[in-house]
Amino acid sequence: MLTGDRPKYFGLVLAIAFSTFLMSHQMSIFVGLLERTRSQIRDVQDASIWIMDPKTQYVDEVRALSLQDLYFVRGVEGVQWAVPLLKGIARAKAADGTFRNSILMGVDDATLTGLPQKFLAGDWQSLRNPKTVAIDRVGYEYFFGAPPYQLGQELEMGSQVVRVGAVVDASPPFVNLPVVYAKFTEAINMVGREPRQLSFVLAKAQPGVTEEELCQRIQASTGLKALTSKTFGWDTIWYYIKNTGIPINFGITISIALMVGALVSGQTFSLFILENMKYFGALKAIGVTSLRIVGMIIMQALIVLAIGYSIGIFLTALFFQLTQDNLDLRGFRLLPEIMLLTGGLIFVVVLMATILSVRRVVVVDPAVVFRG
Amino acid sequence: MKEKRIASGNGGAAVICRGVEKAFGTGNARLQVLRGVNLEARYGELTFLLGPSGSGKTTLLSIIAGLLKHDAGSVEVLGRNLSELHNGEAALFRLKNVGFVFQQFNLIPALTAAENAAVPLLAAGWKRKDATAQAKELLTDLGMAHRADVLPNKLSGGEQQRVAFARALIQSPKLVICDEPTSALDGPTGRHVMELLRKVALSPDRAVLVVTHDFRILEFADRIAEISDGVIVKVSEGKEFQEHVR
Ligand SMILES: Nc1ncnc2c1ncn2[C@@H]1O[C@H](COP(=O)(O)OP(=O)(O)OP(=O)(O)O)[C@@H](O)[C@H]1O
Ligand SMILES: [Mg+2]
């Protein structure tokens, strides 16, 4: 029946599509941003335990450890190996004077533990050479321009001049800065104002020892905080959720999208039902039960919902498809969970709107059909 | 022709109202609309209910249709005492036994003529295809075969009312109720649809009850009941009435 009223039908489909698009798009970016806060944790794939100062809360603000702490950790039973990791900010400058603050990761000289696994140019061997660093895509393109990548370019890091030995595919950091990987002993001379010490100790458990168990042992015997990558990642995400305006900002946008969806679809549905009341009255007079009429209306609502939702989700997917090569937006994508959540929310909203307006069909006195 | 009309019908009554009373509102706002209506509508006849505006015609019709509850008296429709039907039963009873024609046609805008006519069958659980096929047959009898797949807003008033007739008749109801079926139509069209109604609806085991203001269509009545101020003041055979008016 609703299909007989084109403008309303399209209005409804559009409102639902818009609301779906806005919600799924904003949720995706929200989740993507939160995901980025733990990029540096996630990119360390060869170690699974992070040891830090007991007061350290998340990955981006660290109280330094001493070499002493590294040795203590190595002494804990069940630790297969433990290596230092430096995470700091260093100013990088290219030969032409282009400069930018960069995230500097200093990885263990011997094992290079913490280096990303995926190389776009060069390989991990090249980092063995003195004064050689690996840089991520964003950094390379910022300093040296678009691919093809040319290795061996010079970069001034702090007071050191280094060469780019490899381009790696690092996960996008929360602040969109280049990421530079250097050997630990060289990296401590590149950082700016920070203490020239290690930020974390990365460790791996011996076979047969669970990570949780080892974390507890390390904590007990060294007094340091030891977390699995997973826990530390979530701690970092929660730190950002609790201490930044991000969730509120996104929450507002998502609520507005939901409200627009609810209001427009609710409004259109009640208008539609009001305008068609005499037909519903006629149907009731003829003997069609309210249940059947309501079922018919809800059926139509669900069809409109399915069409609008599909369009909205398609637009979101298209957006992330088209922007997947954009360096600022990379890593943002439409997760199935977000599709489901958006679908669930918009479903509830449209169903509520329909049920609220459909109530009038149930109470209408069929005798109205005889009145002028 | 007139002889035949009066002779038609098996004499039994499809609708019997005895002392029907109905009031709206309470206290000072209370309005006694029906004050003891006695009325019969016989099988095989077109019974007209004639009366001034506000006399209670629609109210009485709604009660007979089971859409409104009366306060006192008894209403027997097709052998059933309406007070004994509860709501759900009343809807099913209407769906099966009563056909409706409204002044404003009330065809559903998104459905074609045939689909509109098929609505009662669809509500009764028929398959769409069978229901519309049946509807098309009936529309053919009403001279609407060529308009069966057209949406209501493309139909003239007379055509819409013919679709409404088809909808009212499609379940072969024993009682057909029409409230001012011609008042939204011009004179010749009104006469034409009444002619069709007589042709298609009249049958020995069906009673047709028509509420009207429209004196131009009175010649189609077998029996005319005049209502005034909530009581039936006079019942005459169609032929008598016309002679009287003349
Ligand atoms: N639901 C209602 N509540 C209150 N008053 C009502 C209601 N329905 C009808 N009335 C009143 O009852 C009286 C009779 O109404 P009814 O519609 O039966 O008259 P009618 O003979 O059909 O008139 P018309 O020729 O104008 O259609 C009117 O005064 C009307 O205002
Ligand atoms: Mg009336």
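Analysis parameters
Throughout this document, residue positions are counted from 1 along each chain, in the order its sequence is written. Working convention: letters from A go to chains and numbers from 1 go to ligands, in the order in which they are written. Local features in a predicted model are, by the rule used here, given only for residues with pLDDT of at least 70; side-chain atom pairs are given and counted only at 80 or more, and totals for whole chains, interfaces and linings are based on all residues. Each side-chain value is derived from all of the structure's non-hydrogen atoms; neither hydrogens nor water enter the calculation. For this purpose, a residue is taken to be near a molecule or strand whenever a single non-hydrogen atom of the residue falls within 4 Å of it. Any pair of nitrogen or oxygen atoms within 3.5 Å is treated as a polar contact; in protein, a donor-acceptor pairing is required on top of that, and neighbouring residues in sequence qualify only through side-chain atoms on both sides. Under the convention used here, a 1.4 Å probe and the Shrake-Rupley method define accessible areas, while residue burial counts only the protein chains that appear. Only runs of H or I of at least four residues qualify as helices and only runs of E of at least two qualify as strands under DSSP, and these elements are numbered from the N terminus. Under the grouping applied here, Gly and all other residues not named as nonpolar or charged are polar, the nonpolar ones being Ala, Val, Leu, Ile, Met, Phe, Trp, Tyr, Cys and Pro and the charged ones Asp, Glu, Lys and Arg. Geometry of aromatic contacts follows a simple scheme: Phe, Tyr and Trp rings, the Trp one being its six-membered ring, pair when their centres are within 6.5 Å, and the pair is stacked under 30 degrees between planes, edge-to-face over 60, tilted otherwise. Accessibility here uses a 1.4 Å probe with only protein chains present; expressed as a share of the type maximum, an area under 20% marks a residue as buried, one over 50% as exposed, and anything in between as partly exposed. Either an automatic procedure or a domain database provided the assignment from which the domain bounds are taken. Two residues form a contact once any of their heavy atoms are found within 4.5 Å. Basic side-chain nitrogens of Lys or Arg form a salt bridge, by our definition, when they fall within 4 Å of a carboxyl oxygen of Asp or Glu. In this description, a nonpolar core means a group of buried Ala, Val, Leu, Ile, Met, Phe, Trp, Tyr and Cys residues linked to one another through side-chain atoms lying within 4.5 Å. If DSSP finds at least two bridges between two strands, the strands pair. Structural elements are reduced to axes, namely lines fitted to C-alpha atoms, with helices fitted over the stretch in contact, and the angle between N-to-C directions of any two is expressed from 0 to 180 degrees. In this analysis a 1.4 Å probe is tested at points of a 1 Å grid over the protein atoms alone, and where it fits but cannot get out there is a cavity; an open set with protein on both sides within 12 Å along at least five of seven lines is a pocket; lining residues have an atom within 4 Å of a point. Grid points are joined across faces, edges and corners, and a volume is the space filled by probe spheres set on the points.

As for the site of ligand 1
With respect to spatial proximity, 14 residues lie near ligand 1, and among them S53, G54, K57, T58 and T59 of chain B are the closest. More than one chain reaches ligand 1: its neighbouring residues belong to chains A and B. T58 of chain B is positioned with one of its side-chain polar atoms (N or O) 2.7 Å from an oxygen atom of ligand 1. Within the side chain of H213 of chain B, one N or O atom sits 3.5 Å away from an oxygen atom of ligand 1. When ligand 1 sits alone it has 630 Å² of accessible area, and the protein chains cover 64% of it. Mapped onto the shell around ligand 1, the elements with two or more residues apiece are strand 2 (31–42) and helix 2 (57–64) of chain B. Broken down by element, the shell around ligand 1 gets its largest block of residues, three residues, from helix 2 of chain B. In terms of residue class, the shell around ligand 1 is made up of four nonpolar, seven polar and three charged.

Notes on the packing of aromatic side chains
Aromatic ring pairs are described here by two measures, namely the spacing of the ring centres and the angle between the planes. According to the stated counting rule, one finds 15 aromatic pairs over all chains in the structure shown. Geometrically, the ring pair formed by W50 of chain A and F232 of chain A is tilted, given 5.5 Å between the ring centres and 45° between the ring planes. Highlighted residues: W50 of chain A in strand 1 (residues 49–52) and F232 of chain A in helix 7 (residues 229–243), separated in sequence by 182 residues. Of the two residues, W50 of chain A and F232 of chain A, neither departs from the other in class, the shared state being buried. With a centroid separation of 5.9 Å and 15° between ring planes, the pair formed by F100 of chain B and F102 of chain B is classed as stacked. We note that F100 of chain B, like F102 of chain B, is buried.

So, the domain arrangement of chain A
In many reports, interface size means the accessible area that the parts give up when they come together. Residues and elements named next belong to chain A. Structurally, chain A comprises domain 1 (6–37 + 245–370) and domain 2 (66–223). With centres defined by C-alpha atoms, the gap from domain 1 to domain 2 works out at 47 Å. Contacts between the two partners involve eight residues from domain 1, matched on the other side by 10 residues from domain 2. The interface formed by domain 1 and domain 2 includes zero salt bridges. Here domain 1 is connected to domain 2 by one residue pair in polar contact (both at pLDDT 80 or more). In terms of residue count, the dominant contributor to the side of domain 1 that touches domain 2 is helix 1 (residues 6–37) (three residues).

Description of the nonpolar core
Core analysis: the biggest nonpolar cluster contains 90 residues, and I64 and L175 of chain B have the highest contact counts within it. Looking at this core, the element that brings in the most residues is helix 1 of chain A, giving 11 residues. By size, the runner-up hydrophobic cluster in this structure holds 44 residues, among which are V150, L169, L218 and F220 of chain B.

What to know about the sheet that holds strand 7 (residues 175–179) of chain B
All names here are of chain B. Read across the open sheet, the six strands follow the order 6-7-8-3-9-10; overall the sheet is mixed. Of all strands in the sheet, those bounded by a partner on one side alone are strand 6 (98–101) and strand 10 (231–237). Each adjacent strand pair in this sheet contributes to an overall mean axis angle of 20°, direction not counted. As paired strands, strand 9 (residues 223–228) and strand 10 are joined by six bridges and run antiparallel to one another. Within strand 10, the position partnered with I224 by the bridge is S236. Strands strand 6 and strand 7 of the sheet are contacted by helix 3 (residues 87–97), whose axis makes an angle of about 80° with strand 6.

Digging into empty space enclosed by the protein
Residue and element names in this part refer to chain B. Counted according to the given criterion, the structure contains three cavities of 30 Å³ or more. The computed volume of the largest cavity comes to approximately 80 Å³. As for the largest cavity, its lining consists of 13 residues, of which V98, G99, P120, R167 and A168 are closest to the centre. Only helix 3, strand 6 and helix 6 (157–169) provide two or more residues apiece to the lining of the largest cavity. In the lining of the largest cavity, the residues fall into eight nonpolar, two polar and three charged.

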